[in-house]
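Listed here are the chains, written in short residue letters.
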Amino acid sequence: MSTPHAPSRERIVAADKSTVWHPYTAMDTYVTSVDPLVIARAEGSRLFDVDGRSYLDANSSWWAMSLGHRHPRLVQTLKSQADSLIHCSLAGTTHEHAALLGEELLAVAPPGFSRVFYSDDGSTAVEVALKMAVQYFAQSGRPEKNTFATLDSAFHGETVGAASVGGVPLFRDSFRSILFPTLLLPSPAGPLDAAFDRDPARRLELAKCALRDAFEHHGKRLAGIVIEPLVQGASGMQIYDPSYLRLVRELCDTHDVLFIDDEVFAGYGRTGTFWAVDQAGVSPDLLCMAKGFSGGVLPMAATLATPRIYDAFRGDPSRAFYYGHTYCGHPLGAAIAREVLAIYRDERIVEGVAERNRRIGDAFAAVAEDTRVENVRTLGMIGALDLAVGDSGYLGAIGWRVYDEARKRGAYLRPLGNVIYVAPPLNIPLPELDELLSIVQDSIRAALSAP
Ligand SMILES: *Cc1c(COP(=O)(O)O)cnc(C)c1O
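Residues numbered from 1 in each chain as written. Predicted model: local features only at pLDDT ≥ 70, side-chain atom pairs only at ≥ 80, totals over all residues. Heavy atoms only, no water.

(A) Layout of the pattern of salt bridges. Evaluated as defined, the whole model comprises 33 salt bridges. A salt bridge links arginine 53 to aspartate 51; the nearest nitrogen and oxygen atoms lie 3.6 Å apart. The class for arginine 53 is partly exposed, based on a relative accessible area of 48%. Using a relative accessible area of 47% as the deciding quantity, one classes aspartate 51 as partly exposed. In this structure, aspartate 256 engages arginine 308 in a salt bridge whose closest nitrogen and oxygen atoms are separated by 2.6 Å. Residue aspartate 256 is found in the loop between helix H10 (243–255) and strand E10 (258–262), and its partner arginine 308 is found in helix H11 (residues 307–311); the two are separated by 52 residues along the sequence. Since its relative accessible area comes to 23%, aspartate 256 is described here as partly exposed. Residues participating in the shared-partner salt-bridge network are Arg142, Glu144, Arg249, Asp253, Asp256, Asp285 and Arg308. (Salt bridge = Lys/Arg side-chain N within 4 Å of Asp/Glu carboxyl O. Buried < 20%, exposed > 50% of the residue type's maximum accessible area, 1.4 Å probe, protein only. Helix = DSSP H or I, 4+ residues; strand = E, 2+ residues; numbered from the N terminus.)

Have a look at this one:
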């Protein structure tokens, strides 16, 4: 619903196509043949376009809006915070929300953390962890420990440091010449078309063997291992067993390597527990959060550190962590992040995931009767499957056919190549979840039966 003075859809699209460079987008195709959704507003689990049509938000708008769009308490927090303080630096100053959020975060964190470092988004939360790890060992008398172990198919963000520890070729290859080298290990999860091994149990065993081997041979030069816990999101919602995380913890202890837990996507209940590592019963050494951390409302992130790491930066000023971002712990974001935690508590958000997971699992299993549907999988508020049709990569076409079908039916269902998935807001009302799931089913069937 556009207001009388709002520019027309045509005007917006024309301006967009002549000026905006879109992320992860082949621009020529976009400009010549894509008819973009033009979103005007959103509420709860729905996006509304400028013509008033609604679309269920199957991916929480890039996995961020874990409490849906415009939760009334978050809108109210934004407004009232804007009336008192929007931005101040965190250098020699502080404010109520950065300070109290620190306490509140440590209260919900896995055991063992004592400090919160604020930054802007998932990439910077990872960047912070990498730099802390390197400086930690440099100041602990082991400067040779400056290499990171990483997993194949991992995604940790797009800044040069975060991209260096990533393992999705499409997001890496163009920049390979400037990324720092890592010890790249086979993923316990997938993608299932990888040459590694198609049997999940065997792949898990092989990945564990490779992990043991790598730590055995290279532990002396490893500063950390960076992990997406339980689910590798960007490479196609590839899920793996918590026992892998227990082995990571054990080997990190034995070889004095930091376990860097990237909960940017998996945290805040996405996998069914508040933190994904809770399901393995282990605590990491550094924990990165963004996305759900602010309920997707603002770019805001944090990295948690243990006393052992923090202590290495104390004492002489030359030992300090000389690192920061303009908007570290900004008041709007910090106020929102506190309210997000309060909503999780008051509305028992994580407790609501089990029933939704059951429905997601049932709906995805029901389309698996088609032999071209493979590897149906769910974890918490994630459901995914692979369509074995045509080119299976990120640029494969079948996923976009499903996207078009879903759009016609009122859902925004962005694929990851041939992987069709849902990761809706954690508090999506059950009737809307059922509506979304039946759109997903109908859209997959329609795309598969198209000539
Ligand atoms: C999205 C994501 C990031 C990067 O977050 P940005 O906010 O896009 O910088 C990092 N790690 C994981 C696991 C992610 O899913």
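(B) Looking closely at the site of the ligand. Near the ligand the following residues occur: Trp63, Asp121, Gly122, Ser123, Phe155, His156, Gly157, Glu228, Asp262, Val264, Phe265 and Lys291. Glycine 122 places a main-chain nitrogen or oxygen 2.9 Å from an oxygen atom of the ligand. At a separation of 2.6 Å, a nitrogen atom of the ligand approaches a polar side-chain atom of aspartate 262. Contact with the protein chains removes 83% of the 380 Å² of surface that the ligand exposes when unbound. If you map the ligand onto the pockets, it falls in the second largest pocket. When its residues are assigned to classes, the shell around the ligand shows 4 nonpolar, 4 polar and 4 charged. (Near = heavy atom within 4 Å. Polar contact = N/O pair within 3.5 Å; in protein donor to acceptor, adjacent residues only side chain to side chain. Areas by Shrake-Rupley, 256 points an atom, 1.4 Å probe, with all protein chains shown as cover. 1 Å grid on protein atoms, 1.4 Å probe; cavity = no way out; pocket = protein on both sides within 12 Å on 5 of 7 lines; lining within 4 Å. Sits in = over half its atoms within 2 Å of the grid points. Nonpolar A, V, L, I, M, F, W, Y, C, P; charged D, E, K, R; others polar.)

(C) Just a nonpolar patch on the surface, in detail. Side chains of Val160, Phe175 and Ile178 sit close together on the surface and give an oily, nonpolar patch of about 280 Å² of accessible area. Structurally, phenylalanine 175 can be placed in the loop between helix H8 (169–172) and strand E6 (183–185). We classify phenylalanine 175 as partly exposed; its relative accessible area is 42%. (Patch = residues over 30% accessible without salt bridge, like charges linked within 9 Å, V, L, I, M, F, W, Y side chains within 5 Å.)

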